[in-house]
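Structural features, examined
Below, each chain spelled out in residue letters.
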Amino acid sequence: MSNHGMTKSSVGRKILMALSGFFLLFFLLQHFSINMLSVISEDAFNSVSYFMGYNPVVQFVLQPILIFGVVFHLAMGIKLDMENRKARPVKYEQYNGAANASWMSRNMIITGLTVLAFLGLHFYDFWAHEMNEKFIEGGANSFANGGNPTRFFHELQEKFVDVWRVIIYVVAFVLLALHLLHGFQSAFQSVGFRHSKYTPIIKKLGNVYAILIPLGFIFIALYHYIDQLN
Amino acid sequence: MAEKFINIKLKIWRQKDSKSAGKFEEYPLPNVSTDSSFLEMLDLLNENLVEKGDEPVAFDHDCREGICGMCSLFINGEAHGPDRGVTTCQLHMRMFKDGETITIEPFRANPFPVIKDLVVDRTPFDRIMAKGGFVSVNTSGNTQDANAIPVPKADADKAFDAATCIGCGACVATCKNASAMLFVSAKVSQLALLPQGRVEAKERVMNMVHQMDIEGFGNCTNTGACEVECPKGISLENIARMNREYLKATIVSE
C-alpha cells in the first residue's frame, strides 16, 4: 500500500487545508467576539484584551499555534494553486468557468491573497505594536510586569481615525466574505463530511457565517470611525 | 422540433502530432442540419476537407450513443459543449445558432497530451484503474457467487450510480485545476460501497490516489464544475467518500 503521507498526497493536503481552515474559522469567531466587546463596553474590552495579551498560555502556546495555522493555510494554498496551474500548461482559448462553478470557488487564491495583504497591514498595526510594547520598547520586564491594562481600547480607536484604513478594512472583509462563502462548506466536503440532511444545513450556516462575521468586523471599524468624528 | 439548416463557422485546434506546435484554423460550414449530432457535423466537415484534398480533423469517437466515453472535445468553453448530462456524440446542432462561431479545442491537461488535432491521450486513467480499480478474485473454482452476499438496496444504488462513470475525462477537462478526483472517486466508490470491494478498500484508495498524483493531475478545490459537466451526473458525494476512505486508510492501520 503506497502511503506517501498526508502532506504529500493531493487528498491529504486537501484535508489539511480544510482542517487549518476550520481552525481559522474558529479563531475568527473568537476574534470577532472580543472585538465586538469594544462596541459594548470599554472596560470589558480592556480586561479581555489584557488577558489575551498577557496570559502566558495565550501568548506562548495559543499564539504560536495560530501563527502556524495562518502560515500553513496560506503556504499550502499558494503551493496547491501553483501545482494546479502546472496541471494545465496549455490554457483553453475559450473557458466558460461561470457555466459550472461560482466565482467564489474559482477565485479562492485571489480572495485569499487579498486577505493576506490585509493581514500584513493588520500585523503592522496591532501585532508588531504589541510585540514592541511588551518585549522591546517596553523593556525586558514589561511583559512580566503586566504593563498598562487599560491601553487597549484607546489603541484600537487610534487605528480607525484614518478614513483610508477604514476603507481598506471594508474591502478586505468583503473579500474575506467571498473567501468564506466557498471555504466554509468546502472544508466539510474536503474532510469527507457529506450528508443528504446535514450538508444543505452546513451550506446555509456557511453563508450566514461568511456574511455576518465580516459584516460585523466592518460594523466595528465603521463604529469606531464614526464615534471619533466629532 | 422541425429540422432547420444553419450556417456555422468552426474554429478548430489543429496539431499535426504530439511534438508539433498547434494552432487554430477556421472553417466555414454551410447547410448543417440542426438534427445532426455534433460528431455528424464534424463528419460533414471532414468529408468536405477530404474532397478538397485536405487533411481531415482527427477526433475521438466510438459508440456514438453516449456509453463508451470515447468522444471528448471542449466546445465553446465547456467539456462536451453547452448541453447538460450528455457526451459530445449526444450533443445536437440545435443547441447552436445560425451564423455562430463554434470553438473546438482538445481536452487540456498536462496528463492528457494532444496526440493529433482534437485527440488526447487519456491512458493515465487506465494506469489509475490498474492500481486498484478492481476486485481481486481467487479463480480456484471456490469463488462465492456475488448474489449470495446480501447488499442493502441503497448501497447497491449508490455503487451503481458511481459505476456509470464512463471515464471520458470531462471532469479533468472542465476542472480549473485539471483535477481527476471525480473520476477516481467514482472508481473508488463503486467498490468501496460493496462488501466484495471492502476487503481491499484501504489499499485501493491509497494506491489509486497515489497514481493520480504521479500522473500530474491538479488538486481538487471543490468548485463542483466536474459534477455539472459530467455526462453521467456523477455526484460530488463520491469525492467526499474518497476523502473519507483516504482519511480512514491513513489514520487507521491494522
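Right above here is the structure, for reference.
First things first, this report covers the structure right here in the doc.

Calculation notes
Residues numbered from 1 in each chain as written. Chains lettered and ligands numbered in written order. Predicted model: local features only at pLDDT ≥ 70, side-chain atom pairs only at ≥ 80, totals over all residues. Heavy atoms only, no water. Helix = DSSP H or I, 4+ residues; strand = E, 2+ residues; numbered from the N terminus. Buried < 20%, exposed > 50% of the residue type's maximum accessible area, 1.4 Å probe, protein only. Contact = heavy atoms within 4.5 Å. Areas by Shrake-Rupley, 256 points an atom, 1.4 Å probe, with all protein chains shown as cover. Lys, Arg positive; Asp, Glu negative; His and termini not counted. Charge placed at Lys NZ, Arg CZ, Asp CG, Glu CD. Buried area = accessible area lost by both parts, 1.4 Å probe. Salt bridge = Lys/Arg side-chain N within 4 Å of Asp/Glu carboxyl O. Polar contact = N/O pair within 3.5 Å; in protein donor to acceptor, adjacent residues only side chain to side chain. Arc of directions from axis to C-beta. Pairing = 2+ DSSP bridges. Axes fitted to C-alpha atoms, helices over the stretch in contact; angles between N-to-C directions. Core = buried A, V, L, I, M, F, W, Y, C linked by side-chain atoms within 4.5 Å. Domains from an automatic or database assignment. Phe/Tyr/Trp six-rings, centres within 6.5 Å; stacked < 30°, edge-to-face > 60°. Lys NZ or Arg CZ within 6 Å of the ring centre and 35° of its normal.

1. Describing the overall build of chain A
- Within chain A, the regular secondary structure consists of 9 helices and 0 strands.
- Along chain A, helices (α) and strands (β) appear in the sequence α-α-α-α-α-α-α-α-α when read from the amino end.
- For chain A, the C-alpha atoms occupy an extent of roughly 55 × 45 × 40 Å along the three principal directions.
- Here chain A holds 230 residues, and the buried ones make up 44% of them.
- Of the contacts formed within chain A by residues at least 6 apart in sequence, a portion of 77% connects residues at least 24 apart.
- When the accessible surface of chain A is split by element, carbon and sulfur atoms take 70% of a total near 12,100 Å².
- For chain A, the distance from the average site of its 17 positive side-chain charges to the average site of its 13 negative ones is 22 Å.

2. Some thoughts on the interface of chain B and chain A
- Contact with chain B, which involves 56 residues of that partner, is made by 40 residues of chain A.
- Roughly 3,900 Å² of surface becomes buried between chain B and chain A when both sides are summed, with 51% attributable to carbon and sulfur atoms.
- Linking chain B with chain A are 1 salt bridge.
- For A:Glu93, the salt bridge goes to B:Lys11, with nearest N and O atoms at 2.7 Å.
- Here chain B and chain A share 30 residue pairs in polar contact (both at pLDDT 80 or more) between them.
- The greatest single-element share of the side of chain B that touches chain A, amounting to 10 residues, is contributed by helix H9 (residues 237-251) of chain B.

3. Observations regarding helix H2 (residues 123-130) of chain B
All names here are of chain B.
- Of all the residues in H2, the buried ones are Pro124, Phe125 and Ile128. Angularly, the buried residues of H2 cover 105° about the axis, an arc narrow enough to put them on a single face. Exposed positions of H2 whose direction lies more than 90 degrees from the buried face are Asp126 and Ala130.
- Where the residues of H2 are buried, they touch helix H4 (170-174), helix H5 (181-192) and helix H7 (201-215).

4. Examining the environment of A:Ala101
- Checked against the element boundaries, A:Ala101 lands in the loop between helix H3 (56-86) and helix H4 (103-106).
- For A:Ala101, the residues in contact, after removing those within four places along its chain, are A:Arg106, B:Thr223 and B:Ala225.

5. Section: the sheet that holds strand S1 (residues 5-14) of chain B
Residue and element names in this part refer to chain B.
- One open sheet holds the 5 strands; their spatial order is S2-S1-S5-S3-S4, and the pairing between them is mixed. Each end of this open sheet is capped by a strand with a single partner; those strands are strand S2 (23-33) and strand S4 (78-79).
- Helix H1 (residues 38-51) rests against S1, S2, strand S3 (74-75) and strand S5 (101-105) of the sheet, and its axis sits at about 105° to S2.

6. Looking at the nonpolar core
- Core analysis: the largest hydrophobic core is formed by 52 residues, its most contacted members being B:Val172, B:Val184 and B:Met212.
- Among the secondary structure elements, those contributing two or more residues to this core are helix H1 (10-40) and H3 of chain A together with H2, H4, H5, H7 and H9 of chain B.
- No other element matches the 6 residues that H5(B) contributes to this core.
- Domain assignment of the residues forming this core places at least three in each of domain 1 (5-116) and domain 2 (122-137 + 145-251) of chain B.
- Dropping the residues within four chain positions of it, B:Met212 is found in contact with A:Ser10, A:Val11, B:Ile128, B:Ala180, B:Met181, B:Val184 and B:Phe217.
- A:Phe32, A:Leu156, A:Ala172 and A:Ile202 belong to the second-largest nonpolar core, a separate cluster that totals 31 residues.

7. A closer look at the packing of aromatic side chains
- Scanning the model with the defined rule gives 25 aromatic pairs over all chains in all.
- Seen in terms of ring centroids, B:Phe125 and B:Phe217 are 6.0 Å apart; in terms of plane orientation they differ by 40°. Their pairing is tilted. Residue B:Phe125 is located in helix H2, and its partner B:Phe217 is located in the loop between H7 and helix H8 (225-229); the two are separated by 92 residues in the primary sequence. Each member of the pair, B:Phe125 as well as B:Phe217, carries the same accessibility label: buried.
- Taken together, the ring pairs connect A:Phe32, A:Phe118, A:Phe160, A:Tyr169, A:Phe173 and A:Phe217 into an aromatic cluster.
- Between the NZ or CZ atom of A:Lys134 and the centre of the ring of A:Tyr54, over which it lies, the distance is 5.2 Å.
- Note that B:Lys11 overlies the ring of B:Phe24, its terminal NZ or CZ placed 5.3 Å from the centroid.

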